[in-house]
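# Analysis of the macromolecular model
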Amino acid sequence: MVNFDLVLRNGTCATASDTFQADIGIQDGRIAAIGESLSDGAREIDATGRLILPGGVDSHCHLAQETVDGVECADDFESGTRSAAFGGTTTVMPFAMQQPGKTLGETVAAYHALAGPKAIIDYGFHLILRDPNPQVLGQELPAMIEQGITSFKVYMTYDTFKLDDYELLTVLSAARTLGAMMMVHAENDDIIRWLSEKLTTGGHRAPKYHAIAHARIAESEATRRAIDLASLTDTPMLIVHVSDEAATSAIRSAQTAGLKIFGETCPQYLFLTAADLDRDGLEGAKYCCSPPPRDSAGQEAIWRGLKNGTFQVFSSDHAPYRFDQTGKLRYGMDASFTQLANGVPGLELRLPLLFSEGVGKGRLSLNEFVALTATNAAKLYGLHPRKGTIAVGADADLAIWDPNKKVTVQYETMIHDDVGFTPYEGRHLTGWPETVLSRGRVVIENATLCAQPGSGKFLDCAKPDAALPTGRLHPEANPAENGGARLI
Ligand code: DUC
Ligand code: ZN
Ligand code: ZN
């Protein structure tokens, strides 16, 4: 008798905590049973010798996002989610960027219209807040949280984005009251502007100077300041795309002190360095992102932070710009580093890179890999246990990996985004997600896309789970310290 729509047989399953041999029975898009010798499915996949992992949750990527200076975002929700799926990711969380003159409701409606007909896998949204005025924080943000958008990013740098400390405190206070997750781009704008001006007036315009202008101290100072502000308001907060040792240490000491500070890092900080920005001509522009890749000591610090729990989340920060006049070269071949679009692609290779170099080389356990690439993000953004794990009742978002498959990265034949290049060209990797399921649907099989655009669904996020381990809630959140006054 057929009991399941699909049964995965004899695979080695791994979650953030356990690794076990089991069959997985899938019914109506969900995991219905996990056990030995499950009864028949209408379809069966033999996973002998394969790993069955939760599909990745990429909780930081940019798709179809408007830019301020007319640079085109190369990936829409179709190409971006297609690329993610080929790389074993089954949930993405891109950003809905607040537009001047539009309400958050209008902003989000526009992104829904872009995503709905095109997404191939499931997606949630974060907001980007650029103008956190009282109307936005008091009326519009609560309405968005009701609609399942429970996290937002703010910036400490970039004209037309950056918030000053007063604004950051105001936003932190609102995040605390609303139970939203605040994500912060922590770089000191004045340091970057000052260094950029010195460099460009001295004639130093090549891409490699981007890494000098976006100095490590600009990142660590802003990280420490953001943490101090979050501690004043006792607000859980995530520092995004951490690139270097000093910022990592600041996050670690905050966690050790019991603050609810979370950390995110990305492939570019493990697998690229500032030397990549110094490639011939403008080739270095392909590696230009903010914060920039650092050096090999910085890479080691990031590996340590992944291993010791400083970072909860390993995301791609896929920011897709082509190497042509629509993207990186928008200002021509004579562009200064200050004019280069900031960002690198990574949706498809995020998991294979970390699997090969992390699990394969013994730096991370398989369970740590699952936690960093799927489970923790699902928890942090209110999607767990529906996403990010293997459990009865969870969505059947699963990737079947061949842990021994050897691949050499070649953009033209392997990568499915619309960027036109990968910064990881020529890398030799071991391990690849061969078959990918989203809500029980086979999305990728035999290196072929099997799902239609528009079949991915919007995910209504619950409020974040700030209990994700790093420490306790800030013990100093005691009005007595403020002379009894209630500040927030
Ligand atoms: N910040 C991001 O999160 N992505 C791309 C560039 C940036 O500055
Ligand atoms: Zn950023
Ligand atoms: Zn980003």
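Reference entry: report on the structure contained in this document.

We now examine the pattern of salt bridges. All chains considered together, the criterion is met by 33 salt bridges. Of the charged contacts, one joins Asp418 and Arg82 as a salt bridge, the two residues approaching to 3.4 Å between their closest N and O atoms. Here the residue Asp418 occupies a position in the loop between α13 (411-414) and β16 (428-438), and Arg82 occupies one in helix α1 (residues 77-86), the gap between them amounting to 336 residues. Taking relative accessible area as the criterion, Asp418 reaches 37% and is therefore assigned partly exposed. Two residues, Asp165 and Arg225, come together in a salt bridge whose shortest N-O distance is 2.6 Å. Remark: Arg225 occurs in helix α7 (residues 216-233) and Asp165 occurs in helix α4 (residues 165-178); sequence separation between them is 60 residues. Asp165 gets classed as partly exposed once you look at its relative accessible area, which sits at 29%. Through salt bridges that share partners, Arg30, Asp122, Arg386, Lys387, Asp395, Asp397 and Arg439 make up one connected network.

Further remarks concern the packing of aromatic side chains. Any pair of aromatic rings gets described here by the distance separating the centres and the angle formed by the planes. Scanning the model with the defined rule gives 14 aromatic pairs in all. Taking the centre distance of 6.0 Å and the plane angle of 80° together, the rings of Phe271 and Trp303 count as edge-to-face. With Phe271 in helix α9 (residues 268-271) and Trp303 in helix α10 (residues 296-307), this residue pair connects regions lying 32 residues apart in the sequence. Per residue, the accessibility class of Phe271 equals that of Trp303, and both read buried. By the ring-pair criterion, three or more aromatic residues cluster together here, those being Phe77, Tyr111, Tyr123, Phe125 and Phe458. The ring of Tyr331 has Arg330 sitting right over it, with the charged end atom 5.1 Å from the ring centre.

The next thing to look at is the coordination of the zinc ion (ligand 2). Here the zinc ion (ligand 2) is held by Lys153 (NZ), His185 (ND1) and His241 (NE2), and the distances to it run 2.1 to 2.2 Å. Of note, the zinc ion (ligand 2) draws all its donor residues from one chain, in the sequence arrangement K-x31-H-x55-H. Between the zinc ion (ligand 2) and the zinc ion (ligand 3), a separation of 4.4 Å is found. With His185 in strand β11 (residues 181-185) and His241 in the loop between β12 (237-239) and α8 (245-256), this pair connects stretches of sequence that are 56 residues apart. The residues His185 and His241 share a single accessibility class, namely buried.

Take the site of ligand 1 next. If you check the shell around ligand 1, you find His60, His62, Lys153, Tyr158, His185, His241, Ser290, Asp317, Ala319 and Asn342 and nothing else. A distance of 2.4 Å separates an oxygen atom of ligand 1 from a polar side-chain atom of Tyr158. Interatomic distance of 3.4 Å between a side-chain N/O atom of His185 and a nitrogen atom of ligand 1. In the complex, the protein chains occlude 94% of the 240 Å² of accessible area that ligand 1 would expose alone. Taken together, the residues of the shell around ligand 1 break down into two nonpolar, six polar and two charged.

Within the protein, the zinc ion (ligand 3) binds to His60 (NE2), His62 (NE2) and Asp317 (OD); these donor distances fall in the range 1.9 to 2.0 Å. Read from N- to C-terminus, the donor residues coordinating the zinc ion (ligand 3) fall into the pattern H-x1-H-x254-D. His62 gets classed as buried once you look at its relative accessible area, which sits at 7%.

Here we take up the packing of helix α11 (residues 350-359) against helix α12 (residues 366-380). Closest axis-to-axis distance for the α11/α12 pair is 10 Å, and the angle between their directions is 150°. Here α11 lies roughly antiparallel to α12, going by the angle between them. As for the relative orientation of α11 and α12, their crossing is right-handed in sense. Contact residues: α11 offers Arg350, Leu351, Leu354, Phe355 and Val359, while α12 offers Leu366, Phe369 and Thr373.

What follows concerns α7. The terminal C-alpha atoms of α7, which comprises 18 residues, lie 26 Å apart, in line with the 26 Å expected from a rise of 1.5 Å per residue. Turning to α7, its buried residues are Ala218, Glu219, Ser220, Ala222, Thr223, Ala226, Ile227, Leu229, Ala230 and Thr233. Elements that come into contact with the buried residues of α7 comprise α4, β11, α5 (189-201), β12, α8 and β13 (261-265). Just downstream of α7, Asp234 is the residue with a positive phi angle, here 55°.

What counts as what
Residues numbered from 1 in each chain as written. Chains lettered and ligands numbered in written order. Predicted model: local features only at pLDDT ≥ 70, side-chain atom pairs only at ≥ 80, totals over all residues. Heavy atoms only, no water. Salt bridge = Lys/Arg side-chain N within 4 Å of Asp/Glu carboxyl O. Helix = DSSP H or I, 4+ residues; strand = E, 2+ residues; numbered from the N terminus. Buried < 20%, exposed > 50% of the residue type's maximum accessible area, 1.4 Å probe, protein only. Phe/Tyr/Trp six-rings, centres within 6.5 Å; stacked < 30°, edge-to-face > 60°. Lys NZ or Arg CZ within 6 Å of the ring centre and 35° of its normal. Donors = N, O, S within 2.8 Å, 3.2 Å for Na, K, Ca; no water. Near = heavy atom within 4 Å. Polar contact = N/O pair within 3.5 Å; in protein donor to acceptor, adjacent residues only side chain to side chain. Areas by Shrake-Rupley, 256 points an atom, 1.4 Å probe, with all protein chains shown as cover. Nonpolar A, V, L, I, M, F, W, Y, C, P; charged D, E, K, R; others polar. Axes fitted to C-alpha atoms, helices over the stretch in contact; angles between N-to-C directions. Parallel < 35°, antiparallel > 145°, perpendicular 65-115°, else oblique. Left-handed = near helix turned anticlockwise from the far one by under 90°. Contact = heavy atoms within 4.5 Å. Expected span 1.5 Å × (residues − 1).

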